[in-house]
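Below, each chain spelled out in residue letters.
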2 protein chains.
Amino acid sequence: MSRRVIAYDSTLRDGAQAQGVSFSVEDKLKIVQRLDELGIGYVEAGNPGSNPKDLEFFTRVGELNLRHAKIIAFGSTRRIGITAAEDKNLQSLLSANTQAVAIFGKSWDYQVTDILRTSLQENLAMIGDTIAYLKAQGKEVVFDAEHFYDGYKANAEYALQTLQAAADAGADVLVLCDTNGGTFPDEIFAITKTVVARYPLLQIGIHCHNDCDMAVANSVAAIQAGAVQVQGTMNGIGERCGNANLVSIIPNVQLKLGFECISGAQLAELTAAARFVSEVANVAFNDKAPYVGYDAFSHKGGMHIDAVNKNPKSYEHISPNAVGNERHILVSEVAGRGAILSKLQQIDPTLTKESEAAIKILEHLKALEHEGYQFESAESSFELLMQKLLGKFQPFFTLKQYSVDIHEPSADGMNSSVTVHLIVEGQESGGSAQADGPVDALDQAMRNALAPFYPAIQDIKLVDYKVRVLDSNLATAAKVRVMIESTDQQTNWTTIGVSTDIIQASWLALKDAVEYKLLNAGKTRVVA
Amino acid sequence: MSRRVIAYDSTLRDGAQAQGVSFSVEDKLKIVQRLDELGIGYVEAGNPGSNPKDLEFFTRVGELNLRHAKIIAFGSTRRIGITAAEDKNLQSLLSANTQAVAIFGKSWDYQVTDILRTSLQENLAMIGDTIAYLKAQGKEVVFDAEHFYDGYKANAEYALQTLQAAADAGADVLVLCDTNGGTFPDEIFAITKTVVARYPLLQIGIHCHNDCDMAVANSVAAIQAGAVQVQGTMNGIGERCGNANLVSIIPNVQLKLGFECISGAQLAELTAAARFVSEVANVAFNDKAPYVGYDAFSHKGGMHIDAVNKNPKSYEHISPNAVGNERHILVSEVAGRGAILSKLQQIDPTLTKESEAAIKILEHLKALEHEGYQFESAESSFELLMQKLLGKFQPFFTLKQYSVDIHEPSADGMNSSVTVHLIVEGQESGGSAQADGPVDALDQAMRNALAPFYPAIQDIKLVDYKVRVLDSNLATAAKVRVMIESTDQQTNWTTIGVSTDIIQASWLALKDAVEYKLLNAGKTRVVA
């Protein structure tokens, strides 16, 4: 039977140290709930002494009906030269009223003498007294040995004495911390193995940071050496380069090493949970995140796509379903015929690899991408283009002319006036608009011209607008690529325009956005 | 003496497989130049057969005067059942005219039988024939053993036979690829060690992907096992979860393991080079990137800052200077004031920390940065602003009005007409221009209005124009930040403008560019 590894999440405590991350009480409660559903064993949530928000949190978290997660209040060893009972921070720690607490203490001799500026002996007493006191209050106690690996490399004997002090005082878990993130997997493995052998009856935990880009590998190495608790954060949120990323560690140890961590059903919720936490934390989600990123199972190279169509394992190390993610086939200059064919066949199933149409379209795409078009992130423009090249597209409107007038300065800030003349169903329709920028005015004017004919377009909201200057060393004469993401609340779609004129590039993307909506009006399929 | 490890960059080839990444020929040439300066040993740049852009690239890259980097053209083994000489792709590979080439072939038996759909014997022949043919053409040949680790785990004997076929044919380097990114560091170490022992006279290379979030650790493990060439990309750009990140690997092996990879002076350029490549690739730079991210040496709040002030090693695993990065103490006011003060004192040495002017300016800067201004990359706009806020700046001209008219379609493509009215030395001066985009026309019109007064501006060339959309979820109503880099052949300077209107943002940056030139006319100091 396989060994169990307990996931210990510190997103709400160590993660909250990250630059630009701060959680409201509501945020914290939402995240705790989600982590519990995910099967996380411990959720380290802060210190009620540190601020009033945390105090309110600990009062309210008790009302949640958690099934897996133990809430952890986090604090440090008692201050120098007083008893644990006299220490205000420890009193506030107890006021959190949690079943389990985590205490960090120093394991690197130099940190004791030069930073804490006390004796090595007093530091051992601080660790022992604090843990003994908390055990006497009936708490489960996790001891975080700060800078353990750096300490062990500098003075192994003293680093081990700090663990012994914690063990003698009754600590339940000894957590070895690579606080500065400078240790390598082979060192982590060897040192952890020594500690595991020394404390066969205690749980050993691992806490890593990503300063060498190896926090996940370091955590895995410690588990391979016998650690049974792994500390980290969702998406690796944390100070400096971040904490070890539980979202990568959990599937690594469970799918690749065969440890038990969370259930298979919970693992299938990993992608959703990772995206949920990044939304609540308001940290941009990494599309390239292992296992859970949008790109993690995206295939672009032509050969790769052919191979994945034959057998996914040829370019996928696991099945995306296992972690609740999915496969994406992308279109691009390097994708070759295979990818494009599968797209074309959605429109015209009679087409084959050899069809002249398919070959022509491939050539045309290469030329467009040479101009700066990039369709893998603008699939809706791509689908429109395919329809047009296959002669399947009935235009909903054509441009007769647009005029943009910008006068700066302007009295009311609305410095841009746009008039658009379209031919819609054989008749001319004009629309005008004013705005504080020409692209916004152009969008509104086009909609005004179309609204009488196509009320459906009123549902369209633009959610994103990106500009990329191509060959930017041509400066203001350079080409620009505009990408616009639109939504009608049911689905999102992205369109593209390229021109030396940013207004025209925007027009092309706006026009595609509307055409795509009209083409799919009534359809309900979701578009990437 | 320490062992040498050669960095092999594939940003322009494997990196270009990433979703949303697509390099123009200009982009590629700029990146090659920068990688060469960084001391990268090999730059894999694509295949002239794959698309017209690569063909043009290989023609022009020959004109660069590279000091370190060998350019690599990349291709696959010959097709089934023909001779190498008959293979079109190999001919186009040779047409790249590079001293060295890389060839990938399959090392996983299942990939040969089920994906390639040929015999194991023919695959060995394809590897051998291809490499022998390329060696006969006098090429240095790198053999990428695709899926080597998966292949070794499935059928070690056959995986090793594919290496033997390459070695027998005269391959110079055998690169072991973890193509699917599913292998763990301990496996990579053990398998690589076996191969290194088997081929003491050949160079062994490593090529990893980040699907388990361990590509850097895997690359390091292979080097510890004896690999002497490490393949990867800048910032880990690559398909799915990315390639191994050379920006992390290089300092890891050089600063932590003591290998020789690039010079210390080149290592100090690592941060700048990493940010440069992400700019050119238009991939958002990761502030939390190990070694080079803005946050990598950022310290937040109390204890950590006290400790770092006592001794940086207490929370820093290396000195930020070693990789050209810097420490950030995130206690704004005080630290911020100090930084800005030193800038102000360059203009007015009598200013002190307590000067009301300094305090006012800090408040003003905070407001501007809240609006989306970002002066660390636009020092010239910053210097102008300081001059203005200190009342030291004598305006060379003021805007009365500009008018932009855009009519699309236009007969000759020159769809944008701009008129600018300025007040210069008390009198009104107008300028007009037509161009195929409004920003270009605006630039020309302003120069026409100024030229009679300030001939010096005729020397100004715009070398770069960048647009970033801020709060992009506001779509076309969002603010945009425009950055313009200018040169007068002696010095380059960068200016910035922010507005909801891209034309106005461009105007602000163009105006600063000219004002800065006029302010410094005669001076010869170089401005970042």
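For every chain, the first residue of its written sequence is number 1, and the numbers climb from 1 along that sequence. All chains are assigned letters beginning at A, and all ligands numbers beginning at 1, according to the order in which they are written. It should be noted that, the model being predicted, local features are given only for residues of pLDDT at least 70 and side-chain atom pairs only at 80 or more, the latter also being counted only at that level, while totals for whole chains, interfaces and linings use all residues. Excluded from the side-chain calculation are hydrogens and water; included are all heavy atoms of the structure.

(A) Quick look at the overall build of chain A. By the criteria applied, helices consist of DSSP H or I runs no shorter than four residues and strands consist of E runs no shorter than two, each listed in order from the N terminus. Broken down by element type, chain A carries 18 helices and 16 strands. Residue-level accessible areas treat just the shown protein chains as cover; the underlying method is Shrake-Rupley with a 1.4 Å probe. Accessible area of chain A: about 18,900 Å², with a carbon and sulfur share of 51%. Lys and Arg are tallied as positive, Asp and Glu as negative. Neither His nor the chain termini are counted. To locate a charge, the coordinates of NZ of Lys, CZ of Arg, CG of Asp or CD of Glu are taken. Positive and negative charge centroids in chain A, built from 46 and 63 side chains respectively, lie 4 Å apart.

(B) Region of interest: the sheet that holds strand E8 (residues 229-232) of chain B. Residues and elements named next belong to chain B. Strand order around the closed barrel formed by 8 strands is E1-E2-E3-E4-E5-E6-E7-E8, with parallel pairing between neighbours. Pairs of neighbouring strands in the sheet enclose a mean axial angle of 25°, with direction left out of account. In this description, strands pair whenever DSSP reports at least two bridges between them. Across 7 bridges, strand E4 (residues 100-106) lies against strand E5 (residues 140-146) in parallel orientation. Across the sheet, residue Val101 finds its bridge partner in E5, namely Val141. Each of strand E3 (70-76) and E4 touches helix H3 (residues 88-95); the most contacted strand, E3, lies at about 175° to it. By definition in these notes, contact holds between two residues if any of their heavy atoms fall within 4.5 Å. Here, axes are lines fitted to C-alpha atoms. For helices the fit covers the stretch in contact, and angles between N-to-C directions go from 0 to 180 degrees. Packed onto the sheet, helix H10 (residues 246-256) meets strand E1 (6-9) and E8 and runs at close to 155° relative to E8.

(C) Examining the interface of chain A and chain B more closely. With 111 residues of chain A in contact, the opposing surface of chain B contributes 110 residues. Summing both partners gives a buried area of about 9,000 Å² for chain A against chain B, and 53% of it is carried by carbon and sulfur. Should a side-chain nitrogen of Lys or Arg be within 4 Å of a carboxyl oxygen of Asp or Glu, the pair is scored as a salt bridge. Run the count over chain A and chain B and you get 0 salt bridges. Per element, the largest residue contribution to the side of chain A that touches chain B is 10 residues, and it comes from strand E11 (residues 398-408) of chain A. Note on residue categories: nonpolar means Ala, Val, Leu, Ile, Met, Phe, Trp, Tyr, Cys or Pro, charged means Asp, Glu, Lys or Arg, and polar means any other residue, Gly included. Taken together, the residues that form the side of chain A that touches chain B break down as 43 nonpolar, 36 polar and 32 charged. Once two parts are put together, the accessible area they lose, assessed with a 1.4 Å probe and summed over both, is termed the buried area.

(D) A look at the domain arrangement of chain A. All names here are of chain A. In this entry, domain limits derive from an automatic or database-based domain assignment. For chain A, the assigned domains are domain 1 (6-281), domain 2 (294-389) and domain 3 (398-519). At the interface, 14 residues of domain 2 touch 16 residues of domain 3. Three residues stand out in domain 2 for area buried against domain 3, namely Tyr373, Ser380 and Leu384, and they jointly supply 39% of the buried area on that side. Ionic pairing is found between Lys388 and Glu515, a salt bridge with its closest N-O pair at 3.0 Å. Counting of polar contacts relies on pairs of N or O atoms within 3.5 Å, with two restrictions inside protein: one atom must be capable of donating a hydrogen and the other of accepting it, and residues adjacent in sequence are counted only when both atoms are side-chain atoms. The interface formed by domain 2 and domain 3 contains 4 residue pairs in polar contact (both at pLDDT 80 or more). Ranked by residue count, the leading element in the side of domain 2 that touches domain 3 is helix H16 (residues 379-389), at 7 residues. Among the residues making up the side of domain 2 that touches domain 3, the classes are represented as 4 nonpolar, 6 polar and 4 charged.

(E) Highlighting the side chain of Asn252 of chain B. Turning to its location among the elements, Asn252 of chain B is positioned in helix H10. For Asn252 of chain B, the contacting residues outside a window of four places in its chain are Phe184, Cys212 and Met214 of chain A together with Val216, Val220, Leu257 and Tyr291 of chain B.

(F) The arrangement of the packing of aromatic side chains in detail. All names here are of chain B. Here a pair means two rings of Phe, Tyr or Trp (six-membered ring of Trp) with centres within 6.5 Å. Their orientation is stacked below 30 degrees between planes, edge-to-face above 60, and tilted elsewhere. In this structure the tally under the stated criterion is 22 aromatic pairs over all chains. The interplanar angle of 45° and the centroid separation of 6.5 Å between the aromatic rings of Phe453 and Tyr454 together place this pair among those described as tilted. To sort residues, take the accessible area from a 1.4 Å probe on protein chains only and compare it with the maximum for the residue type: under 20% means buried, over 50% means exposed, and anything in between is partly exposed. The exposure class of Phe453 is partly exposed, given its relative accessible area of 23%. The class for Tyr454 is buried, based on a relative accessible area of 12%.

(G) Main features of helix H7 (residues 156-168) of chain B. Residue and element names in this part refer to chain B. Here H7 spans 18 Å end to end across 13 residues, near enough to the 18 Å set by a 1.5 Å rise per residue. Of the positions making up H7, those classed as buried are Tyr158, Ala159, Leu160, Thr162, Leu163, Ala165, Ala166 and Ala167. Positive phi shows up at Gly170, right after H7, with a value of about 100°. Each residue after the first adds 1.5 Å to the expected span of a helix.

(H) How the structure looks around the state of the cysteines. Criterion for a disulfide: a pair of cysteine sulfur atoms at a distance within 2.5 Å. Scanning all chains against the criterion turns up 0 disulfides over all chains. No disulfide involves Cys241 of chain A; its sulfur sits 8.6 Å from the nearest other cysteine sulfur, which is in Cys212 of chain A.

(I) Main features of the pairing of strand E7 (residues 203-208) of chain A. Residues and elements named next belong to chain A. The buried count for E7 comes to 5 of 6 residues, which makes it a mostly enclosed element. Bridge analysis of strand E6 (residues 173-178) against E7 gives 6 bridges, and the strand direction is parallel. Across the sheet, Leu174 pairs through a bridge with Ile204, a residue of E7. A crossover gets the label right-handed when its path from the first strand over the helix to the second runs clockwise, viewed with the strands pointing away from the viewer. Since E6 and E7 lie parallel, the crossover through helix H8 (residues 185-198) that links them has a hand, and here it is right-handed. Here E7 pairs with strand E8 (residues 229-232) via 3 bridges, running parallel. Residue pairing across strands places His207 opposite Gln231, the latter belonging to E8.

(J) The packing of H8 of chain A against helix H9 (residues 215-224) of chain A, seen in detail. Residue and element names in this part refer to chain A. Where H8 contacts H9, the two axes come as close as 8 Å, and the packing angle between them is 30°. Here H9 runs roughly parallel to H8, going by the angle between their axes. Here H8 and H9 pass one another in a crossing that is right-handed. In this structure, H8 contributes Pro185, Ile188, Phe189 and Thr192 to the contact, and H9 contributes Ala217, Asn218, Ala221, Ala222 and Gln224. The residue makeup of the contact of H8 with H9, split by class, is 6 nonpolar, 3 polar and no charged. In what follows, roughly perpendicular refers to angles from 65 to 115 degrees, roughly parallel to angles under 35, roughly antiparallel to angles over 145, and oblique to any angle outside these ranges. Two helices that cross are described as forming a left-handed crossing if the nearer one is turned anticlockwise from the farther one by less than a right angle, and a right-handed crossing if clockwise.

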